[in-house]
Amino acid sequence: MCGIVAYVGQQDALPIIIKGLKRLEYRGYDSAGVALLNPNGLTVYKKKGKVSELENHLLSQENLLSKIGIGHTRWATHGEPNDVNAHPHYSSNDQFAMIHNGIIENYDVLKTDLINKGYKFHSETDSEVFIKFIEDIYANNDCSLEEAVRLALHKVVGAYAIVLMNKEEPDTLIAARKGSPLVIGVGDNEYFLASDATPIIEYTNQVVYLDDYEIAVIRDGKLQIKTIENVETNPYINQLEMELEAIEKGGYEHFMLKEINEQPRSIADCMRGRLDAQNGRLVLGGLRDYMNKFQNADRIIITACGTSWHAGLVAEYLFEEFARIPVEVEYASEFRYRNPVLSDKDFIIAISQSGETADTLAAIELAKSKGATIFGVCNVVGSSIPRTTHAGSYTHAGPEIGVASTKAFTAQISVLTMMALKLGYKRGTLPENRYMQLLSELETIPSKVERALKMNDKIHEIAKEYKDARNFLYLGRGYNFPVALEGALKLKEISYIHAEGYPAAEMKHGPIALIDEEMPVVFIATKDSSYEKVVSNIQEVKARKGKIIAVVTEGDTVVKNMADHVIEIPATEEAFVPLISVIPLQQLSYHIAVMRGCNVDQPRNLAKSVTVE
Ligand code: F6R
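Everything quoted here is computed from the prediction, not taken from an experiment.

Calculation notes
- Residues numbered from 1 in each chain as written.
- Predicted model: local features only at pLDDT ≥ 70, side-chain atom pairs only at ≥ 80, totals over all residues.
- Heavy atoms only, no water.
- Near = heavy atom within 4 Å.
- Polar contact = N/O pair within 3.5 Å; in protein donor to acceptor, adjacent residues only side chain to side chain.
- Helix = DSSP H or I, 4+ residues; strand = E, 2+ residues; numbered from the N terminus.
- Nonpolar A, V, L, I, M, F, W, Y, C, P; charged D, E, K, R; others polar.
- Axes fitted to C-alpha atoms, helices over the stretch in contact; angles between N-to-C directions.
- Parallel < 35°, antiparallel > 145°, perpendicular 65-115°, else oblique.
- Contact = heavy atoms within 4.5 Å.
- UniProt positions renumbered as here; feature names shortened; annotations may be inferred.
- Buried < 20%, exposed > 50% of the residue type's maximum accessible area, 1.4 Å probe, protein only.
- Salt bridge = Lys/Arg side-chain N within 4 Å of Asp/Glu carboxyl O.

## As for the site of the ligand
Ser-308, Ser-352, Ser-354, Thr-357 and Glu-493 are the nearest of the 15 residues found near the ligand. Here an oxygen atom of the ligand and a side-chain polar atom of Thr-357 are 2.4 Å apart. For the shell around the ligand, the secondary-structure elements that each account for two or more residues are helix 9 (306–323) and helix 17 (480–495). For the shell around the ligand, the per-class residue count stands at 5 nonpolar, 8 polar and 2 charged.

Next comes the structure, spelled out in structure tokens:
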């Protein structure tokens, strides 16, 4: 949450920062601001709303030429979204300006102390407290700004990625992180700092990922990194493999639509080099060193949030069916606070698109402290979770910019499916001939997803009919139960229609009371082991005049006669159905949200990367 960008070098900083903020807008879009430094001084410009509002505001400003600058796009935590609470924040004497992503938990105590010393506060933010706390240390210790930052970091509690500018040092940026991401792009005598690599990729593919408790000082064209204990470290330069086109809309109206349509390729990318069905090979490099632990685990615990948690639920079915190891799927936010019973015989799988989700990171730390082995399934290369876990597999879905997760979900399930098949085979719970059969079918999934996407026009028509509904129910059983949850989440987060997902059989224990002629019910009724039961559930809804939209297997004739609308998807192995059945649900929520005039890529109140508790 919150995106930060900074630049120092020979180019005009402002266009670089504005472009970077637009790329990071998925992290928060409540307000935006920049600070620039030139012979006219250190000036902060900030505005409530999107980066485009800030751009409009800057049109009427002068003296914007600067070779150094910092910028911020905010997802509000402390204080409502307005101009004053927007970043950057100044120190009292306007000598320093700072951008901050994260939360300072002890800001109240620090603020009281600073007020007692005579400091005045204009905003309600913890970030203004943070910069004034640094300022106070600077003023009282006769030290450099860098040293004041270092001393302050020993006292603040919470999460931060910060970048500071000093009016007296026009060639210097000071940055630090703990818990919130910060990437430094190394150009030719110039540096780009950002919350992720997307604002950087256009200028350089050499990056340094700052670690927790590290402070970076870029001065006079040189980068120096020290720990907060003042020990110098050697910056490790990584090569970025991201392509610029992957972070652009490529002719689509929305990133979400592009990402939905990319799924045949993203699933194939995820399997590429790992799955070779013809030769019965399934290789997950990240698992190699931990296969023994995985195979002999007493229990698999999957922890994640939101859509990633839904992927975890699918994995529960997969691991239990193929590998016969008990699985628990935990909301990271609950797991971390309930003193779970854990041991070194537990194998933990943490799933996260962004690799930065604060609750998931905290759950990992907790499990690690109890001796468990942690395996990450993440999309963003170099993000915090892959760097904290013992091992992991990237999903290789490419950058996901739309706030609603789509292609990351199917890529997560693809990795988890490969893990479950491999584990089942190694443990002998999945016989070789069945294993080979499943590998062959898995290889066909990208083309079946391609076929499923062709129902788009029909789904567009269905969306027209239901766009004004006030509530929706999503029902599925077995592997399609998590898909029902995911379909409901997609609809509510981008269209603001209330939607609930349930196991279809649970309907009669309560939700059936909601059904009348106004209630659209989406059934995922593919031909699988619970098909007959789901058909009975459809009858129950029909008897109460509910409107039925059913996702069925191609060629189904039974449900066709009962449902108001059917959406056909290709047949596959029951265990692989979620990879296909989720596609029409993503399309349905997308079309409904567009028809309702909602901002599909940046839904209200949400942010792509949830780096606060
Ligand atoms: C929903 C969505 C969120 C995320 C959740 C976890 O479309 O995107 O529910 O799935 O915030 O995020 P990651 O996967 O980045 O840990």
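## Some thoughts on the packing of helix 13 (residues 407–427) against helix 19 (residues 577–595)
In the contact formed by helix 13 and helix 19, the axes pass within 9 Å of each other and the chain directions differ by 170°. Relative to helix 19, helix 13 is oriented roughly antiparallel. Each of Phe-409, Thr-410, Ile-413 and Ser-414 in helix 13 lies in contact with helix 19, whose residues at this interface are Pro-578, Leu-579 and Val-582. Its residues assigned to classes, the contact of helix 13 with helix 19 shows 5 nonpolar, 2 polar and no charged.

## Comments concerning the packing of helix 1 (residues 13–24) against helix 2 (residues 51–59)
Axis separation between helix 1 and helix 2 bottoms out at 10 Å; the angle between their running directions is 155°. Compared by their axis directions, helix 1 and helix 2 come out roughly antiparallel. In this structure, helix 1 uses Leu-14, Ile-18, Leu-21 and Lys-22 to contact helix 2, whose residues at the interface are Val-51, Leu-54, Glu-55 and Leu-58. Grouping the constituent residues of the contact of helix 1 with helix 2 by class yields 6 nonpolar, no polar and 2 charged.

## Quick word on the UniProt feature "active site" (unreviewed entry) in the chain
Here the UniProt-annotated "active site" (unreviewed entry) positions come out as Cys-2 and Lys-608. Their sequence span is 607 residues, while the largest C-alpha to C-alpha distance among them is just 9.5 Å; these annotated residues converge on one region. Inspection of the secondary structure puts Cys-2 in the segment before strand 1 (3–8). Residues contacting Cys-2, with those up to four places away along its chain left out, are Arg-27, His-72, Thr-73, Arg-74, Trp-75, His-100, Asn-101 and Ser-195. Position of Lys-608 relative to the elements: it lies in the segment after helix 19. Relative accessible area serves as the criterion here: at 11%, Lys-608 is assigned to the buried category.

## Brief notes about the pattern of salt bridges
This model, assessed by the stated rule, comprises 28 salt bridges. Residue Lys-132 is joined to Glu-128 by a salt bridge in which the shortest nitrogen-to-oxygen separation is 2.5 Å. Note that Lys-132 and Glu-128 are positioned in helix 4 (residues 126–141) at a spacing of 4 residues, about one turn of the helix. Across this residue pair, the class does not change: Lys-132 and Glu-128 are buried. Arg-150 is the partner of Glu-147 in a salt bridge, and the nearest nitrogen-oxygen pair spans 3.0 Å. Of this pair, Glu-147 and Arg-150 both sit in helix 5 (residues 145–153), 3 residues apart, which is roughly one turn of that helix. On the basis of relative accessibility, which here comes to 23%, the residue Glu-147 falls in the partly exposed class. Overall, the relative accessible area of 14% leaves Arg-150 in the buried class.

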